[in-house]
Every structure is written in structure tokens, then in C-alpha cells.
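Each chain, letter by letter, is given below.
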Amino acid sequence: MCLFLGCPKTWGYTAEVQDKGKGLYLSYGCALCHGPNGQGNGINSQKFKPPPTNFHDLKAYLHGQDRDSIRRSIQNGIKEDNSIMPAFQDISTEELDQIIDYLVSLQEKK
């Protein structure tokens, strides 16, 4: 397990938190577009212009990379700038928080 130094991408997130969030990310089909590791390279990604968000790149987020912005994007979907991410309104608050924890853990910390 990482103890702060040497693991900037996982700052504050335990392996258990990441595993739960990633499991939900995969089960809800997020990887089909965003890729198995959230790099925007899923099997459907080539169909989209602009491509799906690479969650590792803070500049790639259309509506902000903070937890509240990610929550709104997942719950409301994105239907602008030719993006067609559907809304996921049926995800429980607990599961949504776990997915968000996983996505935030992927962000490159500079």
C-alpha cells in the first residue's frame, strides 16, 4: 500500500476504495467508452468526436474535475460539444460516491 510519497495518483485513496469504485465503473459499462483504466480509449471511443474523457488528464474534463462536477456529469449526462454521454440517474448515492472516488484517484496530481 502507498503511504503518500511515491503514489501521487492514489493520494488519500486506499486500494479497497479504488477496487470498489473500479468494479462499479466496469459493471456500469463506463469502460466501453472511457477504457478499462479510464484513459478515454474504450472499444467504443473511436466512434466519438470529441473522444470520451481521459480521467487521468485534468484538462480533459468538460465540466470540471472536482467531485461535484463529476457527479453532475454522471447524473445528467453530457449532450454538448458533440458529446453524447447518457445520464446515469439510477445509480445509488453510495455507488456513485465510490465511482467518483475511483475517478478522482486516477487524476494526475501535479
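Residues numbered from 1 in each chain as written. Predicted model: local features only at pLDDT ≥ 70, side-chain atom pairs only at ≥ 80, totals over all residues. Heavy atoms only, no water.

(A) Region of the structure containing the nonpolar core. Within the largest apolar cluster, 17 residues are counted, with the highest numbers of intra-cluster contacts made by Tyr25, Phe55, Ile70, Ile74, Ile99, Ile100 and Leu103. Of all the elements in the fold, those that place two or more residues in this core are helix 1 (15-27), helix 3 (67-76) and helix 4 (93-106). Setting aside residues up to four positions removed in sequence, phenylalanine 55 forms contacts with Tyr25, His34, Gly38, Tyr61, Leu103, Leu106 and Gln107. (Core = buried A, V, L, I, M, F, W, Y, C linked by side-chain atoms within 4.5 Å. Buried < 20%, exposed > 50% of the residue type's maximum accessible area, 1.4 Å probe, protein only. Helix = DSSP H or I, 4+ residues; strand = E, 2+ residues; numbered from the N terminus. Contact = heavy atoms within 4.5 Å.)

(B) Structural context of the pattern of salt bridges. This model, assessed by the stated rule, comprises four salt bridges. Of the charged contacts in the structure, one is a salt bridge between lysine 20 and glutamate 16, with a shortest N-O distance of 3.5 Å. With a gap of four residues between them, lysine 20 and glutamate 16 both fall in helix 1, about one helical turn apart. What makes lysine 20 partly exposed here is its relative accessible area of 42%. A network of salt bridges, in which partner residues are shared, links Arg67, Arg71, Asp97 and Asp101. (Salt bridge = Lys/Arg side-chain N within 4 Å of Asp/Glu carboxyl O.)

(C) Summary view of the packing of aromatic side chains. Applying the stated rule across the entire model yields three aromatic pairs. A centroid spacing of 6.5 Å and a plane angle of 80° characterise the contact between tyrosine 25 and phenylalanine 55, whose relative ring orientation is edge-to-face. With a gap of 30 residues between them, tyrosine 25 in helix 1 and phenylalanine 55 in the loop between helix 2 (31-34) and helix 3 connect regions that are remote in the sequence. For phenylalanine 55, a relative accessible area of 9% translates into the label buried. Among the aromatic residues, those joined into a ring-pair cluster are Tyr25, Phe55, Tyr61 and Tyr102. (Phe/Tyr/Trp six-rings, centres within 6.5 Å; stacked < 30°, edge-to-face > 60°.)

(D) The packing of helix 1 against helix 4, seen in detail. For the pair helix 1 and helix 4, the least separation of the axes is 7 Å and the interaxial angle reads 110°. Judged by the inter-axis angle, helix 1 sits roughly perpendicular to helix 4. Contacts from Val17, Gln18, Lys20, Gly21, Lys22, Leu24 and Tyr25 in helix 1 reach Glu95, Gln98, Ile99, Asp101, Tyr102, Leu103 and Ser105 in helix 4. When grouped by side-chain class, the residues that make up the contact of helix 1 with helix 4 number six nonpolar, four polar and four charged. (Axes fitted to C-alpha atoms, helices over the stretch in contact; angles between N-to-C directions. Parallel < 35°, antiparallel > 145°, perpendicular 65-115°, else oblique. Nonpolar A, V, L, I, M, F, W, Y, C, P; charged D, E, K, R; others polar.)

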